[in-house]
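What follows is the residue order along each chain.
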Amino acid sequence: IKDGTYEISSSVIIGRHNRHLKIRGESRENTILKFTGDYSFLVIFDTEDISISQMTLDAKHANERSERMWEVIGVVSSSDVSIVDTIVFSSSMMYGIFFAGPSNRYADGQETIDAYNAGDLDRGNVVENTIIYSEYEGDALTFTMQRDGRMNNNKVTKVSGGLE
């Protein structure tokens, strides 16, 4: 993606039919995808080998009226997903990056324990050299139900009173 600011008004969904996909900006600071919609910005589910790199994902003004939590980047039931050399801005109603692990394939209320016991975890997911600016009071980066993943050389900055 060439340098520039691109407004995105609805969620970007990368699902099972999109494997081995690489989305790369020209530069981390000047390739800006600005989310102006509601809900999650980028959702990756039930896939593998997805790479997001060299761009800014700006959702600092998204979901301001929402009563539910969303994600700038949400990864579910996916392996070998990498987020590298990226800047993420999240609003007060969004996780910055949320790796959720496998979806609900088990009995209600037992899915986390059963998935762990069965070794049914997402694998090989990576967040490296990424900066997350978060106004959300909870987690800016969540990495659950994962194995053989890495988080290296990232910076998380909590911002109170709004992001500009």
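A short tour of the structure in this document, coming up. Every value quoted in this text rests on a predicted model; they were computed, and no experiment measured them. (Residues numbered from 1 in each chain as written. Predicted model: local features only at pLDDT ≥ 70, side-chain atom pairs only at ≥ 80, totals over all residues. Heavy atoms only, no water.)

Let us now look at the pattern of salt bridges. Between side chains of opposite charge, a pair can form as their charged atoms come close. The tally for this structure, following the rule as stated, stands at seven salt bridges. Note that aspartate 58 and lysine 60 form a salt bridge whose closest N and O atoms lie 3.9 Å from each other. Of the residues examined, aspartate 58 reaches a relative accessible area of 9% and is grouped as buried. (Salt bridge = Lys/Arg side-chain N within 4 Å of Asp/Glu carboxyl O. Buried < 20%, exposed > 50% of the residue type's maximum accessible area, 1.4 Å probe, protein only.)

Residues Thr31, Leu33 and Phe35 line the buried face of strand E4 (residues 31-35), whereas the alternating positions Ile32 and Lys34 sit on a face that is not buried. As judged from the five bridges shared by strand E1 (residues 4-8) and E4, these two strands associate in the parallel manner. Residue pairing in the sheet places isoleucine 8 in a bridge with phenylalanine 35 of E4. (Helix = DSSP H or I, 4+ residues; strand = E, 2+ residues; numbered from the N terminus. Pairing = 2+ DSSP bridges.)

Once that is clear, we can look at the pairing of strand E9 (residues 94-101). Within E9, seven of the eight residues are buried, which leaves it mostly tucked inside the rest of the structure. Note that strand E7 (residues 70-76) and E9 share six bridges and pair parallel. Looking at E9, one finds that valine 75 is bridged to phenylalanine 99. As defined by bridge partners, E9 adjoins strand E13 (residues 141-143) across three bridges and the pair is classed as parallel. Within the sheet, the bridge partner assigned to phenylalanine 99 lies in E13 and is phenylalanine 143.

Below, the discussion takes up the nonpolar core. One broad rule of soluble globular proteins: the nonpolar side chains tend to lie buried together. In terms of nonpolar packing, the biggest core is built from 25 residues, with Leu57, Val72, Ile73 and Ile97 touching the most fellow members. For this core, the secondary structure elements donating two or more residues are E4, strand E5 (42-45), strand E6 (48-59), E7, strand E8 (79-90) and E9. A per-element tally of this core places E6 first, with five residues. In this structure, isoleucine 73 is in contact with Leu42, Leu57, Ile83, Val88, Gly96, Ile97 and Phe98, ignoring residues within four places of it in sequence. (Core = buried A, V, L, I, M, F, W, Y, C linked by side-chain atoms within 4.5 Å. Contact = heavy atoms within 4.5 Å.)

Let us now look at the packing of aromatic side chains. A full pass over the atoms with the stated rule returns six aromatic pairs. Judged by centre distance (4.9 Å) and plane angle (15°), the rings of phenylalanine 89 and tyrosine 133 are stacked. Here the residue phenylalanine 89 occupies a position in strand E8, and tyrosine 133 occupies one in strand E12 (residues 131-134), the gap between them amounting to 44 residues. Ring geometry for tyrosine 95 versus tyrosine 136: centroids 5.1 Å apart, planes at 70°, classification edge-to-face. Placement of tyrosine 95 in strand E9 and of tyrosine 136 in the loop between E12 and E13 is noted, with a sequence separation of 41 residues between them. Taken as a pair, tyrosine 95 and tyrosine 136 share a single burial class, namely buried. Members of the aromatic cluster, connected to one another through ring pairs, are Tyr95, Phe98 and Tyr136. Across the ring face of phenylalanine 89, the terminal group of lysine 60 is positioned such that the distance to the ring centre comes to 4.5 Å. (Phe/Tyr/Trp six-rings, centres within 6.5 Å; stacked < 30°, edge-to-face > 60°. Lys NZ or Arg CZ within 6 Å of the ring centre and 35° of its normal.)

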